Amino acid sequence: MHKSMMDIHTVTVLGANGSMGRNIAAIFASFGNAKVYLVSRNIEKSIEAKNKAYLSVRAESIKEKMIPSDYTHLEECVKISDVIFEACAEEWNVKADIHRKIADAIGDNGEGKVFCSGTSGLSITKLAELYPSNYRHQFMGIHMFNPPYQMTLCEMIPTIYTENDRSVFESMKKYANKILYRTVVETLDSPAFLGNRIGFYFINNALQMAERFKYSGGIDYIDSILGPFTGRSMPPLITSNFVGLDVHKAIIENLYNNINDYAHDDFALPQFMNVLIDEGKVGKKAGVGLYKTILHENGMKIHQVYDIAHGHYREQIQYAFPFAKDMISFLKVGDYAKAIYVLIENQSIEARLCCEFLLKYIIYSLAKAKELGCDPSAADDVMAAGFHWCPPLALLDAIGSVTDFEKLCEERLEEKIVFAMKNLSLLKEAPKSHYDYRRFMIAK
Amino acid sequence: MSKVYILGGAQTDFERNWTKEGKNVLALLKEVMSDALCQADVSFSDIEELNKSNRVACFVGNFIAENYINQGHLGALLTEVSPSLYGVPSARYEAACASGSAALDAAITKIKAKEYDLAIVVGWELMKTVDSKVCGDILAKAACYEKEGQGIPFPFPKLFGKLADETISRYRLDEQRYLNNLAQISVINYGNAKRNPLAQTRSWFMDYEQASHRGTETNISIGGKLAISDCSQVTDGAAVVLLASESLIEEFGIENVPYVKGYGHRTAPMLFEKKIHEQPESHYILPWTRQTILDAYNRSGLSVEDIDVFETHDCFTSSEYVAISAFGITEPGHEFEAIENGRIGFEGDKPMNPSGGLIGCGHPVGATGCRMFLDLYKQVRGKANEYQVIKDNEMPKNAIMLNIGGTATTNYVFIVGI
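Residues numbered from 1 in each chain as written. Chains lettered and ligands numbered in written order. Predicted model: local features only at pLDDT ≥ 70, side-chain atom pairs only at ≥ 80, totals over all residues. Heavy atoms only, no water.

Novice: Residue-level account of the overall build of chain A, with values.
Specialist: A count of helical and extended segments in chain A gives 18 helices and eleven strands. Its C-alpha radius of gyration of 23 Å places chain A within 12% of the 22 Å reference for a compact globule of 444 residues. Along the longest, intermediate and shortest principal axes, the C-alpha atoms of chain A span 65 × 60 × 40 Å. Within the span of chain A, comprising 444 residues, buried residues form 60% of the whole. Taking the intrachain contacts of chain A between residues at least 6 apart in sequence as the baseline, contacts between residues at least 24 apart amount to 73%. When the accessible surface of chain A is summed, it comes to about 18100 Å², and 50% of that surface belongs to carbon and sulfur atoms. The averaged location of the 54 negative side-chain charges in chain A is 4 Å from the averaged location of its 49 positive side-chain charges. (Helix = DSSP H or I, 4+ residues; strand = E, 2+ residues; numbered from the N terminus. Rg over C-alpha atoms; globule rule 2.2 N^0.38 Å. Buried < 20%, exposed > 50% of the residue type's maximum accessible area, 1.4 Å probe, protein only. Contact = heavy atoms within 4.5 Å. Areas by Shrake-Rupley, 256 points an atom, 1.4 Å probe, with all protein chains shown as cover. Lys, Arg positive; Asp, Glu negative; His and termini not counted. Charge placed at Lys NZ, Arg CZ, Asp CG, Glu CD.)

Rendered as structure tokens:
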């Protein structure tokens, strides 16, 4: 056991019926060896959660550590818990209501307890203010990614109330890292925090490009340009379809309305997304979104994509861009430098667009890490552990090993981005990555 | 005979699935080779220079790439890694899961005999190209296929399940206590893997509750009394070790270099039944394995008291259990003591598999011997970082490994020290 480690024996997870709540409960019960109260609107949902949760960590041994409960027992749960983790629906009113209830339930027994929200977008500071002032330093954001067993990122967000007394926050950080085996990144309380800020910048930009290039094919055209060979397990718009177009919209609008950086316009939602969302075509969970799979009578699966230009679904096109083909064949045999060289040397529209995307991703990641009070390697942690994308510094290592990265940015990127890169000394301060880019560059 | 020194090496990240990454064996070999050369501070041009006077050779350990990736002639395949290897003598060595050790053995012998000054030993296996059932059938070829493998799903867990049965009956152990001991072995290996940034299972969850409850939905029984938590998993990976002669060490002007202190190599009857029933009178369940370890102790002039780190072949928990007495850590029949009192734990006096072993770190079969050997080097050289064993503020002086092929048919032991 780790000495001086926070003792966490009992945890309450609110909103345990949701997949995120359930999976977080499993992380505490497994790695944390904690007793976890699963709280949902009704006990049946909590029982269902208990019966599913162990599967996410592939261990029945945690089953008996999970106790289904409901809101009528909130007070008891809160009293005996060391950590109270709220993972409810991403709406201010819902969350505020629950945190008020928790605050009521604590009474004078809140000393040393951790209060947290798993929100991906709401203000942690405002949530903290729902607690009595003597407990506010014990409140924090703990933002995990789904599924947390595979995605180890854990963004931890302190507030102004943590400034005077960081003890609980620091202990929880250490616990999350050493006991729960999370990749912990501390960020400022800012819209979407760090991981989603970077990830959704990239994804939304890809959606915008799909609209701009709608006559070249749109969605599948862009996904073929930014495929796994560019350092991600799946293309960005397939990711978006997986996340859900409604969730995407909520995250993007929050960013668009609340940030003001050089990438502000990159967070504008393309019009076709609204069309799809209004029609309920919100992605994989609805069976239809940017993509859809239909089953032919003969049992064959037909993969279709939304054609932005014509407003209907059509069969996906198997694009074979020479630059992508060349990169993939070099990656297949482990010639990474040659693959990167193709990316830089090939002057086709698609290769240039791909290269521009990757350069923008690196610069924006480093700029945001700096803005949110993190060191540059935090940008790597969020993208590797939260998205399974080739982290920005690792990609910088890869590109920087074959060419002058700064010069390439000057040639390829808009002036405002180059200005930010130089003005913030992003490259000068960039350390070598702790991650190996090779495993992220998939030969597909 | 001159000493054989270890310059260093590298292993790939055993968490990776190269098929999923769309990468082939050349990608695997190029990566591990360039990483190993970098770690050992040797360049491709050094190799070219040494090759001019025929002073360098390659030794490849691989079990069965013919089945997994349709590729044979694996010594020659290395020429595809770099033109610097054109003309460098290279051949493949095979002894099932001890193939890496067979390659090491050949390399060590050649350097000892002063035939070469630099040996590059490459162990590798790509196993995730097929599904688990097909994989089980391919691995069955490490047993006597016709009698022990053909038509049997997952024959190896069953054979090592028999070893568990034999251990219980020979030593008249309480079955539940023995199975709990095996669960502890599993938990130690999974726990150690968490410190190893290249281990296959480093992000997996395993606890004693999970490992000791067998036959459940998430811990299915797979071979007699053994369940999934008792098994090493299918792994892709490669490990490279660079060995050097005394004269090359002098040329390079490097000091404090670990060297090979002893080895053992014995072959037991191939059929498991014969191993058990046609063995000489012995307190040891695997007498040939024990003899291999004794041979290595004798050749090195060391005994178990001198060994600070152990890497053993825990393809299954039942094989680690019998290895405890085979190493001499306890008397045969008393292995449970070393498990229950923490002696083989990371903080124990006889730490076993600080790397996580085959269960925790992974078991790309042809690579395992080289991976173990590399870990011995890292431990005595103080380069194991988070999983570095340190006792009384001192780095380990001697480390031993046991690598077996089949059901402990081929037995290889190496002792590395400084």
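What follows continues from the structure just given.
Novice: Now, about the overall build of chain B: what can you tell me, with residues and values included?
Specialist: The secondary structure content of chain B amounts to 17 helices and eleven strands. For 418 residues, the compact-globule estimate of 2.2 N^0.38 gives 22 Å, and chain B sits close to it at 20 Å. With respect to the principal axes defined by its C-alpha atoms, chain B has extents near 60 × 45 × 40 Å. By residue count, 64% of the 418 residues in chain B fall in the buried class. Here the analysis covers contacts within chain B between residues at least 6 apart in sequence; of these, 77% occur between residues at least 24 apart. For chain B, the accessible area works out to roughly 14900 Å², and carbon and sulfur atoms hold 48% of it.

Novice: Quick one: what's the story with the sheet that holds strand β10 (residues 301-307) of chain A, residue by residue and with numbers?
Specialist: Residue and element names in this part refer to chain A. One open sheet accounts for three strands, arranged β9-β10-β11; its pairing is antiparallel. The open sheet has two edge strands, β9 (291-295) and β11 (312-315), and neither has a second partner. Direction aside, neighbouring strands of the sheet carry axes that sit 40° apart on average. Pairing of β10 with β11 involves four bridges; the strand directions are antiparallel. Among the inter-strand pairings, Asp307 is bridged to a residue of β11, identified as His312. (Pairing = 2+ DSSP bridges. Axes fitted to C-alpha atoms, helices over the stretch in contact; angles between N-to-C directions.)

Novice: Which residues make up the sheet that holds strand β7 (residues 153-157) of chain A, and what values do they have?
Specialist: All names here are of chain A. Strand order in the open sheet made by the eight strands is β3-β2-β1-β4-β5-β6-β7-β8, with mixed pairing throughout. In the strand order of this sheet, the two ends are held by β3 (66-70) and β8 (183-186), each with one partner. On average, each strand axis in the sheet is inclined to that of its neighbour by 25°, with strand direction left out of account. Alignment of strand β1 (residues 10-14) against strand β4 (residues 83-86), held across four bridges, turns out to be parallel. Looking at β4, one finds that Val11 is bridged to Val83. Lying over the sheet, helix α4 (residues 92-106) contacts β1, β4, β5 (114-117) and β6 (139-144), oriented at roughly 175° with respect to β5.

Novice: I'd love a proper account of the pairing of strand β2 (residues 56-61) of chain B, names of residues and values included.
Specialist: Residues and elements named next belong to chain B. Buried residues dominate β2, accounting for six of its six residues. On β2, burial covers both faces: Val56, Cys58 and Val60 on one face and Ala57, Phe59 and Gly61 on the other are all buried. Note: β2 against strand β3 (residues 90-93), four bridges, orientation parallel. By the bridge assignment, Phe59 is partnered in β3 with Ala91.

Novice: Please give an account of the interface of chain A and chain B that cites residues and values.
Specialist: Across the contact, 27 residues belong to chain A and 27 residues belong to chain B. When residues of chain A are sorted by the area they lose upon contact with chain B, Glu60, Arg438 and Arg439 of chain A head the list and together hold 27% of the total. If you look at where chain A meets chain B, you find six salt bridges. Ionic pairing is found between Arg439 of chain A and Glu15 of chain B, a salt bridge with its closest N-O pair at 3.0 Å. At the boundary of chain A with chain B, the tally comes to 21 residue pairs in polar contact (both at pLDDT 80 or more). Going through the elements one at a time, α2 (43-56) and α12 (322-332) of chain A are the ones with two or more residues in the side of chain A that touches chain B. Of the residues assigned to the side of chain A that touches chain B, the class counts are 14 nonpolar, three polar and ten charged. (Buried area = accessible area lost by both parts, 1.4 Å probe. Salt bridge = Lys/Arg side-chain N within 4 Å of Asp/Glu carboxyl O. Polar contact = N/O pair within 3.5 Å; in protein donor to acceptor, adjacent residues only side chain to side chain. Nonpolar A, V, L, I, M, F, W, Y, C, P; charged D, E, K, R; others polar.)

Novice: An account of the domain arrangement of chain A is needed here, citing residue identities and associated values.
Specialist: Residues and elements named next belong to chain A. You can read the domains of chain A as domain 1 (10-186) and domain 2 (195-439). Domain 1 puts twelve residues into the contact, and the matching count from domain 2 is twelve residues. Between domain 1 and domain 2, the buried area comes to about 900 Å², and carbon and sulfur atoms account for 60% of it. On inspection of domain 1 and its partner domain 2, the count reaches zero salt bridges. (Domains from an automatic or database assignment.)

Novice: Tell me about the nonpolar core, residues and numbers included.
Specialist: Ile219, Ile222, Leu290 and Phe323 of chain A are the most contacted members of the largest nonpolar core, which totals 101 residues. Element by element, the count of residues in this core is highest for helix α14 (residues 349-371) of chain A, at 14 residues. Apart from the residues within four sequence positions on either side, Leu290 of chain A is in contact with Leu207, Ile219, Leu237, Ser240, Asn241, Leu245, Phe272, Met273, Leu276, Val305, Tyr306 and Tyr313 of chain A. In terms of nonpolar packing, the next biggest core, distinct from the first, is built from 97 residues, Phe59, Tyr116, Ala119 and Ala323 of chain B among them. (Core = buried A, V, L, I, M, F, W, Y, C linked by side-chain atoms within 4.5 Å.)

Novice: Outline the packing of helix α5 (residues 99-112) of chain B against helix α17 (residues 368-381) of chain B, supporting the account with residue identities and numerical values.
Specialist: The contact between α5 of chain B and α17 of chain B brings their axes to 6 Å, and the two run at 65°. Packed against α5 of chain B, whose contacting residues are Gly100, Ser101, Leu104 and Ile108 of chain B, the element α17 of chain B presents Gly369, Cys370 and Phe373 of chain B at the interface.

Novice: Describe the side chain of Glu86 of chain A, with residues and values.
Specialist: All names here are of chain A. Turning to its location among the elements, Glu86 is positioned in strand β4. In terms of polar contacts, Glu86 uses its side chain to reach the side chain of Lys95, at 2.5 Å. Within the structure, Glu86 has its side chain in polar contact with the side chain of His99 (distance 2.8 Å). When neighbours within four sequence positions are excluded, Glu86 is seen to be in contact with Leu14, Lys95, Ile98, His99, Cys116, Ser117 and Gly118.

Novice: Can you explain unusual backbone geometry? Please cite residues and give values.
Specialist: In this model, Asn146 of chain A is joined to Pro147 of chain A through a cis peptide bond whose omega is -10°. Mapped onto the fold, Pro147 of chain A is located in the loop between β6 and β7. Phi at His388 of chain A is positive, roughly 60°, even though this residue is not glycine. By secondary structure assignment, the location of His388 of chain A is in the loop between α15 (376-387) and α16 (392-400). The exposure class of His388 of chain A is partly exposed, given its relative accessible area of 32%. Although it is not a glycine, Asn353 of chain B adopts a positive phi angle of roughly 55°. Along the polypeptide, Asn353 of chain B turns up in the loop between α15 (335-340) and α16 (357-360). A relative accessible area of 0% means that Asn353 of chain B is categorised as buried.

Novice: For α17 of chain B, give the residues involved together with the corresponding values.
Specialist: Each full turn of the α-helix corresponds to 3.6 residues, which orients residues three or four apart in the same direction. All names here are of chain B. For α17, built from 14 residues, the straight-helix expectation of 20 Å at 1.5 Å per residue is met to within 8% by its first-to-last C-alpha distance of 20 Å. Buried residues dominate α17, accounting for 13 of its 14 residues. One or two residues past the end of α17 sits Gly382, with phi positive at roughly 75°. (Expected span 1.5 Å × (residues − 1).)

Novice: I'd like a rundown of the packing of aromatic side chains, residues and numbers included.
Specialist: Residue and element names in this part refer to chain A. As enumerated under the stated definition, the model contains 37 aromatic pairs over all chains in all. Consider the rings of Tyr336 and Tyr437, whose centres lie 6.1 Å apart with planes at 80°: the pair is edge-to-face. You can see Tyr336 sitting in helix α13 (residues 336-345) and its partner Tyr437 sitting in the segment after α18 (415-423), a full 101 residues away along the chain. Taken together, Phe145, Phe202, Phe357, Tyr361, Phe387 and Trp389 form an aromatic cluster joined through their ring pairs. Against the face of Tyr313 rests Lys292, its NZ or CZ located 4.7 Å from the ring centre. Note that Lys360 overlies the ring of Phe357, its terminal NZ or CZ placed 5.8 Å from the centroid. (Phe/Tyr/Trp six-rings, centres within 6.5 Å; stacked < 30°, edge-to-face > 60°. Lys NZ or Arg CZ within 6 Å of the ring centre and 35° of its normal.)

Novice: Any chance you could break down helix α11 (residues 271-278) of chain A for me, citing the residues and the numbers?
Specialist: Taken together, the buried positions of α11 of chain A are occupied by Phe272, Met273, Asn274, Leu276 and Ile277 of chain A. Elements in contact with the buried residues of α11 of chain A: α7 (195-212), α8 (219-225), α9 (236-243), α10 (245-258), β10 and β11 of chain A.

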